[in-house]
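Listed here are the chains, written in short residue letters.
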Amino acid sequence: MLYNHAMLTGMIFDIRRYSIHDGPGIRTTLFFKGCPLVCSWCHNPESQAYQPELMLHPNRCIGCGACAAVCTSQAIQHLDGTWITDRSRCDVCGRCIQECYAEARQIVGRSYALDEVMSVIERDRAFYDQSGGGVTFSGGEPMAQVDFLLELLKACRARGLHTALDTCGYAPWGQFKQVLPLVDLVLYDLKLMEDERHLRYTGVSNHLILSNLLKICKSGVPLRLRLPLIPGINDDPAHLKAAAQFAADLPGRPPLHLLPHHNSAGAKYTHLGMSYSLTGISSPSEEEVQSAVDIFSRAGCTVIRGG
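First, a word on what this report is: a plain description of the structure on this page. (Residues numbered from 1 in each chain as written. Predicted model: local features only at pLDDT ≥ 70, side-chain atom pairs only at ≥ 80, totals over all residues. Heavy atoms only, no water.)

**A closer look at the pattern of salt bridges**
Heads up, the condition is: Take a side-chain nitrogen of Lys or Arg and a carboxyl oxygen of Asp or Glu: if they are within 4 Å of each other, that pair is a salt bridge. Helical segments are the DSSP runs of H or I of at least four residues, strand segments are the runs of E of at least two, and each set is numbered from the N terminus. Throughout, exposure labels follow a simple rule: accessible area from a 1.4 Å probe, protein chains only, divided by the maximum for the residue type, with under 20% read as buried, over 50% as exposed, and the rest as partly exposed.
Here the structure, examined in full by the defined rule, presents 16 salt bridges. Measuring nitrogen to oxygen at the nearest pair gives 3.0 Å for the salt bridge that ties glutamate 46 to lysine 268. In this pair, glutamate 46 is assigned in the loop between strand S2 (27-32) and strand S3 (53-56) and lysine 268 in helix H10 (residues 266-271), connecting sequence segments 222 residues apart. Taking the relative accessible area as the measure of exposure, glutamate 46 reaches 7% and is therefore buried. Accessibility expressed as a relative area gives 25% for lysine 268, which makes it partly exposed. Among the ionic pairs, arginine 197 bridges to aspartate 236, the shortest N-O distance being 2.8 Å.

See the structure below:
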């Protein structure tokens, strides 16, 4: 299919420059909006929905009422001395954002044109060249907007930029076959080995994810595994040993980055009007992290903390 580059757009919720945790060197990371998974521990809940969302910061509100004055959908009402937003009425038009002097209201996610994104990427070429960095496509899930992703990858390849794809792996293999020739590095999530547990905590089966992982490893494209360590969900020795054996048996035995869970995203759920199910879960202790490292190391995996 042929695309008009001037018309092709993608939904992005953040562009982070000078990133050092999403691949080698200094990078620009693009966060695509929308994900087929709904992970209980998701640190970026604003990445899940495929459309722009209203994020509220009540602690910043000065109670001026300027937002309500311009809200044509009457979603903002003054009740019991507090300004209340009815999200079911809100059409995310953005008028209230423009009038909010205190920046208590924010729209997360907007449509970007291909040339607009590449303009941002090109600003830091000097840093990529000096550090061996490049561009990382993250999310959400970049594969959920595969047409836009492909054109961005082609544009980066034409400019000689290193590219990394950060993916949950839940996409048809045919799409990966299109994308992989344009990718220099894959960052791949390995969350849960048991299908039933994976379905419970992410909303989808892991069959396609594990199948795609094996195929990518066989393709020869450099790959790094990423395993979030979530207390009470995937940190039990039985699961870690199963994950370690699976990782050790993969072609090329890719390195595994262990990512200890933290609860810093809880406020985001509140600001988006979402519930957060892991409020009672703390970060794993140093001893728990080291225990997980030891399990993967004994299986023959190269383990890196963080990143």
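**Here we look at the sheet that holds strand S12 (residues 256-260)**
Put simply, the test is: Any two strands with at least two DSSP bridges between them are considered paired. Fitted lines through C-alpha atoms serve as axes, helices being fitted only where they are in contact, and the angles separating the N-to-C directions of these axes extend from 0 to 180 degrees. In this description, contact between two residues means that some pair of their heavy atoms is separated by no more than 4.5 Å.
As summarised here, the arrangement of the nine strands in space is S7-S1-S2-S8-S9-S10-S11-S12-S13, forming an open sheet in which the pairing is mixed. The open sheet has two free edges, formed respectively by strand S7 (110-113) and strand S13 (303-305), since each of these has just one partner strand. Within this sheet the neighbouring strands show an average axis-to-axis angle of 30 degrees, counted without direction. Across four bridges, the pairing between strand S9 (residues 162-167) and strand S10 (residues 185-189) is parallel. The residue bridging aspartate 166 from the neighbouring strand is leucine 187, located in S10. Here helix H5 (residues 146-158) sits on the sheet in contact with strand S1 (9-19), S2, S7, strand S8 (134-138) and S9, set at roughly 175 degrees to S8. Against the sheet, helix H8 (residues 207-219) makes contact with S10 and strand S11 (223-229), and its axis sits at roughly 155 degrees relative to S10, the strand it touches most.

**Topic: the state of the cysteines**
The cut-off we apply is this: Two cysteine sulfur atoms form a disulfide, by the criterion used here, when they sit within 2.5 Å.
Throughout the structure, instances matching the rule amount to zero disulfides. Cysteine cysteine 96 is unpaired, with the sulfur of cysteine 90 as its nearest cysteine sulfur at 6.2 Å. Note on cysteine 217: no disulfide assigned, nearest cysteine sulfur contributed by cysteine 301 at a separation of 11 Å.

**Some thoughts on the packing of aromatic side chains**
Rules: The pairing test for Phe, Tyr and Trp rings, Trp by its six-membered ring, is centres within 6.5 Å, and the orientation test on the planes gives stacked under 30 degrees, edge-to-face over 60, and tilted for anything in between.
All told, the structure shown has six aromatic pairs when counted by the stated rule. Centre to centre, the rings of phenylalanine 32 and phenylalanine 137 are 6.2 Å apart; their planes meet at 75 degrees, and the pair counts as edge-to-face. Remark: phenylalanine 137 occurs in strand S8 and phenylalanine 32 occurs in strand S2; sequence separation between them is 105 residues. Phenylalanine 32 sits in the buried class, given a relative accessible area of 0%. Three or more aromatic residues link up through ring pairs in this structure, and these residues are Phe32, Phe137 and Phe148.

**Overview of the pairing of S3**
Here S3 shows a buried face lined by Glu53 and Met55 and a second buried face lined by Leu54 and Leu56. Two elements, S3 and strand S6 (residues 105-108), share four bridges in a ladder whose sense is antiparallel. What sits directly across from leucine 54, in S6, is isoleucine 107.

**A few points about H5**
Rule in force here: Multiplying 1.5 Å by the residue count of a helix minus one yields the expected span of that helix.
Between its terminal C-alpha atoms H5 stretches 18 Å, which fits the 18 Å expected from 13 residues at 1.5 Å a residue. Listing the buried residues of H5 in full gives Val146, Phe148, Leu149, Leu150, Glu151, Leu152, Leu153, Ala155 and Cys156. Phi turns positive, to about 70 degrees, at glycine 160, one or two residues after H5.

**Regarding helix H7 (residues 195-202)**
Operational definition: This arc is built from the directions going out from the helix axis to the C-beta atoms.
By the burial criterion, the buried members of H7 are Arg197, His198, Tyr201 and Thr202. Along the axis of H7, the buried positions cluster into a sector of 105 degrees, meaning they face one direction only. Residues of H7 that are exposed and point over 90 degrees away from its buried face: Glu196 and Arg200. In the stretch just after H7, glycine 203 is the one whose phi turns positive, near 90 degrees.

**Describing the environment of proline 24**
Summarising the element assignment, proline 24 is placed in the loop between S1 and S2. A residue is classified by how much of its surface remains accessible, and proline 24, at 25% relative accessible area, is partly exposed. Considering only alpha carbons, one finds proline 24 and alanine 164, 140 residues apart in sequence, at a separation of 9.0 Å. When near neighbours in sequence (up to four residues on either side) are disregarded, proline 24 contacts Gly132, Gly133, Gly134, His162, Leu185 and Arg224.

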